[in-house]
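Single-letter residue listing:
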Amino acid sequence: MKKLCNIFVLICAAFILSLNTAFAADFSQNTSNATLTSALNVLESANKQDVLTVLGGNNPSNKPIKVMFRNLEVYGYGKCEAVTGKTNNGGYVIFINKIHETAPAEAIACLIAHESVHVANGCDGTFSEELRAWTMETRTWISLSSQNPTASYDSSRLVKRENYLSKLYNRDGQQTTSIENLIATNSAYQNLK
């Protein structure tokens, strides 16, 4: 009887865990892309609820945010890693540059975290908002790459960016001085308020 009870408990535990996983991994309102879903799962595993709640609809539009890969060069943003825009129905969309499709999920997750800051602030286009976004991206990378150190050894352009930002941030004693300088000298941000 005790053996039967133990088996029943194990079956129930497996069932509950499978339900939890099934519900936790549903990002179908955000994307249908498997790579982007993996990046969102990384954010969930790292407990980045601040990012996930914005993506889920806790933003000025009160709508889930779509996340997709796009050739940003077509839109005149070829040098950008990702951009956020408004949709025709009043929602938001995050476009990740298509060149990053093969980057590790952890690095893509950092871009999503970065762009979520813009959405949370209604894309106000200020230097302060951009600095918060870059800082969120950098801190997210530091956290994610410490959980999965092999991600930081990838040779992709995006991982090189994330490693560089974290190096600057750590060199500055977890301050943003060097990141502020990067933003200030980047021609893409010359019109920030």
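Let me begin by describing the structure that accompanies this report.

What counts and how
- Residues numbered from 1 in each chain as written.
- Predicted model: local features only at pLDDT ≥ 70, side-chain atom pairs only at ≥ 80, totals over all residues.
- Heavy atoms only, no water.
- Pairing = 2+ DSSP bridges.
- Helix = DSSP H or I, 4+ residues; strand = E, 2+ residues; numbered from the N terminus.
- Axes fitted to C-alpha atoms, helices over the stretch in contact; angles between N-to-C directions.
- Salt bridge = Lys/Arg side-chain N within 4 Å of Asp/Glu carboxyl O.
- Buried < 20%, exposed > 50% of the residue type's maximum accessible area, 1.4 Å probe, protein only.
- Expected span 1.5 Å × (residues − 1).
- Polar contact = N/O pair within 3.5 Å; in protein donor to acceptor, adjacent residues only side chain to side chain.

This part takes up the sheet that holds strand β3 (residues 92–97). Here we have three strands laid out as an open sheet, ordered β1-β3-β2, and mixed in their pairing. Looking at the sheet topology across the chains shown, the edges are occupied by β1 (66–70) and β2 (82–86). The sheet shows a mean angle of 25 degrees between the axes of neighbouring strands, direction not considered. Pairing of β1 with β3, which is carried by five bridges, proceeds in the parallel orientation. If you follow V67 over to β3, its bridge partner there is I94.

Before going further, it helps to examine the pattern of salt bridges. Where charged atoms from two side chains of opposite charge approach closely, those side chains can pair. Enumeration over the complete set of coordinates arrives at four salt bridges. Here E101 ties to K98 by a salt bridge, and the two come within 3.6 Å at their closest N and O atoms. Looking at E101, the relative accessible area reads 31%, which means it is partly exposed.

Here helix α4 (residues 105–120) contains 16 residues, and its C-alpha end-to-end distance of 22 Å stays within 8% of the 22 Å for a straight helix at 1.5 Å per residue. Within α4, 15 of the 16 residues are buried, which leaves the element mostly enclosed by the surrounding structure. Backbone geometry just after α4 places G122 at a positive phi near 70 degrees.

So, on to the side chain of H114. Here H114 shows up in helix α4. At a separation of 3.2 Å, a polar atom in the side chain of H114 contacts the side chain of E130.

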